[in-house]
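The lines below spell out each chain.
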Amino acid sequence: MRRYLARLDAVLVQAVIAGALSFAHLHDIAAAAGQDGWKAWAYPISVDLLLVAAWRRLRLLRASGGAVRAAWLWFAVALAASLGANIATAGLLDLDDVPDWLRILVAGWPALAFLGGTLLAHTPADESAPEPVTEVEQVAAPVRVEPTAPPAFSSPELEPAPEPEAEPLPEPVKPSARPAAPVPAAAAPAVPAALVEHARKVADAHRTRTGSPIDTDTLRARLGVPPPLADAIAAQLT
């Protein structure tokens, strides 16, 4: 904590010294350019305020993702005015006989600073994004209820419609004493002779290897035929 305070104090002291020197240099340049009295003291305040405002606006635009070109422009203008005054008072310029262009710059600075400050103050942080809504008011739309027609009541003088007579149920069909014709069994599929011979060889090889006759499922798996055809082949092998 003490180390942080010492660092903070050093930064503040450095800022105060740099600000005081820049303030004095700007005052001397304004006074040498013909701006005497309180006007010479207002010039350094205007330059420093524009510099601080541009830097603060630049940080806000960076945080919000807005365009920072305008803030950088006015920050560079204020920095050039402050840096130029510091260099001009270092013996490079005769303050007793300043050039006319410097008098023009000093005389036109108030209008330039006013323009920059106005643009920085009234430009939104992000022109492309809509302004945030602080309060959301949800107003429910009134529900319009359509009037319904009253139910129609029948007049007591009208007689009710007669109910339809129930139709007699059809009599059940008596089963016939004649027995039904038997359903013919499905005809066995025709087996080619070559397939039978091949199946016989497969069955003989299976008997030789295992010592037991081949079953229908094994024969079907070895031949790769459907179950009905396998049954027909097995029937011819026995």
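Before any of the text, the structure's been laid out above.
Predicted model only: the values in this text are computed from it and were never measured.

1. Quick notes on the overall build of the protein
Here is step 1: Across its full length, the protein carries seven helices and zero strands.
Here is step 2: Along the protein, helices and strands appear, N-terminal first, in the series α-α-α-α-α-α-α.
Here is step 3: When each of the 238 residues of the protein is scored for burial, the buried share is 20%.
Here is step 4: Counting contacts in the protein only where the partners sit at least 6 residues apart, residues at least 24 apart contribute 64% of the total.
Here is step 5: Surface exposure of the protein reaches about 19100 Å², of which carbon and sulfur atoms provide 63%.

2. Brief notes about the environment of Lys39
Here is step 1: Mapped onto the elements of the fold, Lys39 is located in helix H2 (residues 38-64).
Here is step 2: When the C-alpha atoms of Lys39 and His27 are compared, they prove to be 8.9 Å apart, with twelve residues separating the residues in sequence.

3. A short note on the packing of aromatic side chains
Here is step 1: A full pass over the atoms with the stated rule returns three aromatic pairs.
Here is step 2: Put simply, the rings of Trp55, Trp72 and Phe75 pair up and form one aromatic cluster.

4. Quick word on the packing of helix H5 (residues 193-210) against helix H7 (residues 227-237)
Here is step 1: Close contact between H5 and H7 brings their axes to 10 Å; oriented N to C, the two are set at 70 degrees. On the basis of the axis angle, H5 is roughly perpendicular to H7. Residue-level inspection shows Leu195, Val196, Ala199, Arg200 and Ala203 of H5 in contact with H7, the latter providing Leu229, Ile233, Gln236 and Leu237.

5. Focus: the packing of H2 against helix H4 (residues 100-122)
Here is step 1: Where H2 meets H4, the axes come as close as 10 Å, and the angle between the chain directions of the two elements is 25 degrees. The angle between H2 and H4 falls in the class roughly parallel. Two packed elements cross with a definite hand, and for H2 against H4 that hand is left-handed. In contact with Tyr43, Ser46, Val47, Leu50, Ala53, Ala54 and Arg57 of H2, H4 contributes Val106, Ala107, Trp109, Pro110, Ala113, Gly116, Gly117 and Leu120.
Here is step 2: Partitioning the contact of H2 with H4 into residue classes produces eleven nonpolar, three polar and one charged.

6. A look at the side chain of His206
Here is step 1: Mapping His206 onto the fold places it in helix H5.
Here is step 2: Setting aside residues no more than four positions away along its own chain, His206 makes contact with Gly211, Ser212, Pro213, Ile214 and Thr218.

7. Some details on the environment of Leu195
Here is step 1: Tracing the backbone through its elements, the reader meets Leu195 in helix H5.
Here is step 2: Linking Leu195 and Ile233, residues 38 residues apart in sequence, is a C-alpha distance of 8.2 Å.
Here is step 3: With near-sequence residues (within four places) excluded, Leu195 lies in contact with Leu229 and Ile233.

Cut-offs applied
- Residues numbered from 1 in each chain as written.
- Predicted model: local features only at pLDDT ≥ 70, side-chain atom pairs only at ≥ 80, totals over all residues.
- Heavy atoms only, no water.
- Helix = DSSP H or I, 4+ residues; strand = E, 2+ residues; numbered from the N terminus.
- Buried < 20%, exposed > 50% of the residue type's maximum accessible area, 1.4 Å probe, protein only.
- Contact = heavy atoms within 4.5 Å.
- Areas by Shrake-Rupley, 256 points an atom, 1.4 Å probe, with all protein chains shown as cover.
- Phe/Tyr/Trp six-rings, centres within 6.5 Å; stacked < 30°, edge-to-face > 60°.
- Axes fitted to C-alpha atoms, helices over the stretch in contact; angles between N-to-C directions.
- Parallel < 35°, antiparallel > 145°, perpendicular 65-115°, else oblique.
- Left-handed = near helix turned anticlockwise from the far one by under 90°.
- Nonpolar A, V, L, I, M, F, W, Y, C, P; charged D, E, K, R; others polar.

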